[in-house]
Each structure stands twice: as structure tokens, then as C-alpha cells.
Amino acid sequence: MAKKTFVLDTNVILHNPHSLKSFTDNTVLLPIEVLEELDRFKSSHDEKGRNARKAIRMLDDLRQKGKPGEGFPLEN
């Protein structure tokens, strides 16, 4: 099966932060605008804010495994 590339929108991540790891055997891209929007949402005291904070923590953990722009290998 051919590998696919998915570009995630902020709304997808705010709805489900675990979507970052939901694309088995494919490539997931996050535009800088998505990262900036997550940063703006993280101070909210609602579900979107919680999910933004969770996604940011997940991305911070991934940065320990590689460099932004070069990619991060995931378990799946």
C-alpha cells in the first residue's frame, strides 16, 4: 500500500489531540500556522484549551526524538 501524506488542521487536533498518532504508516504534516493556533488556544479553560495543551505536550515529547522539519518517527 502506498504511503500517504496528511496535513492536519487545527480543528482536527483540538477535537482529538491523539489524532497526531492516528495515521499508521503514513506521514503527518503540521503547518506552522497550526502550531501558532494551538499556542493561542492553550490558555482557554475549556475542552479546546485542554486538548491544545495535551497536543503541545505530545509535540514537545516528540521533539526529544528528532528535529522539527526533519520528522519524528512514531511507534505506529
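Above this text you will find the structure in question.
Because the structure is predicted, anything quoted here is derived from the model rather than measured. (Residues numbered from 1 in each chain as written. Predicted model: local features only at pLDDT ≥ 70, side-chain atom pairs only at ≥ 80, totals over all residues. Heavy atoms only, no water.)

### Notes on the overall build of the chain
No. 1: A tally of regular secondary structure across the chain gives three helices and two strands.
No. 2: The N-to-C order of helical and strand elements in the chain reads β-α-β-α-α.
No. 3: Its C-alpha atoms give the chain a radius of gyration of 12 Å, near enough to 11 Å, the size a compact globule of 76 residues would have.
No. 4: In terms of overall dimensions, the chain has C-alpha extents of about 40 × 25 × 20 Å along its principal axes.
No. 5: Looking at the chain as a whole, 22% of its 76 residues qualify as buried.
No. 6: Taking all contacts inside the chain whose residues are at least 6 apart in sequence as the whole, residues at least 24 apart take part in 44%.
No. 7: About 5600 Å² of surface is accessible on the chain, with carbon and sulfur atoms providing 51% of the total.
No. 8: Distance from the positive charge centre (13 side chains) to the negative charge centre (12 side chains) of the chain: 4 Å. (Helix = DSSP H or I, 4+ residues; strand = E, 2+ residues; numbered from the N terminus. Rg over C-alpha atoms; globule rule 2.2 N^0.38 Å. Buried < 20%, exposed > 50% of the residue type's maximum accessible area, 1.4 Å probe, protein only. Contact = heavy atoms within 4.5 Å. Areas by Shrake-Rupley, 256 points an atom, 1.4 Å probe, with all protein chains shown as cover. Lys, Arg positive; Asp, Glu negative; His and termini not counted. Charge placed at Lys NZ, Arg CZ, Asp CG, Glu CD.)

### A short note on unusual backbone geometry
No. 1: A positive phi angle, close to 60°, is found at D25, a residue other than glycine.
No. 2: Assignment of secondary structure puts D25 in the loop between α1 (10-15) and β2 (27-29).

### With respect to the pattern of salt bridges
No. 1: Applying the stated criterion across every chain, the model contains two salt bridges.
No. 2: D39 is the partner of K42 in a salt bridge, and the nearest nitrogen-oxygen pair spans 2.7 Å.
No. 3: Classification of K42 as partly exposed rests on a relative accessible area of 37%.
No. 4: Judged by relative accessible area, D39 falls into the partly exposed class, the value being 40%.
No. 5: Across the pair R63 and D60 runs a salt bridge, and its minimum N-O distance is 3.1 Å. Within this pair, R63 and its partner D60 are both found in helix α3 (residues 47-63), separated by three residues, close to a single helical turn.
No. 6: Judged by its relative accessible area of 49%, R63 is partly exposed. (Salt bridge = Lys/Arg side-chain N within 4 Å of Asp/Glu carboxyl O.)

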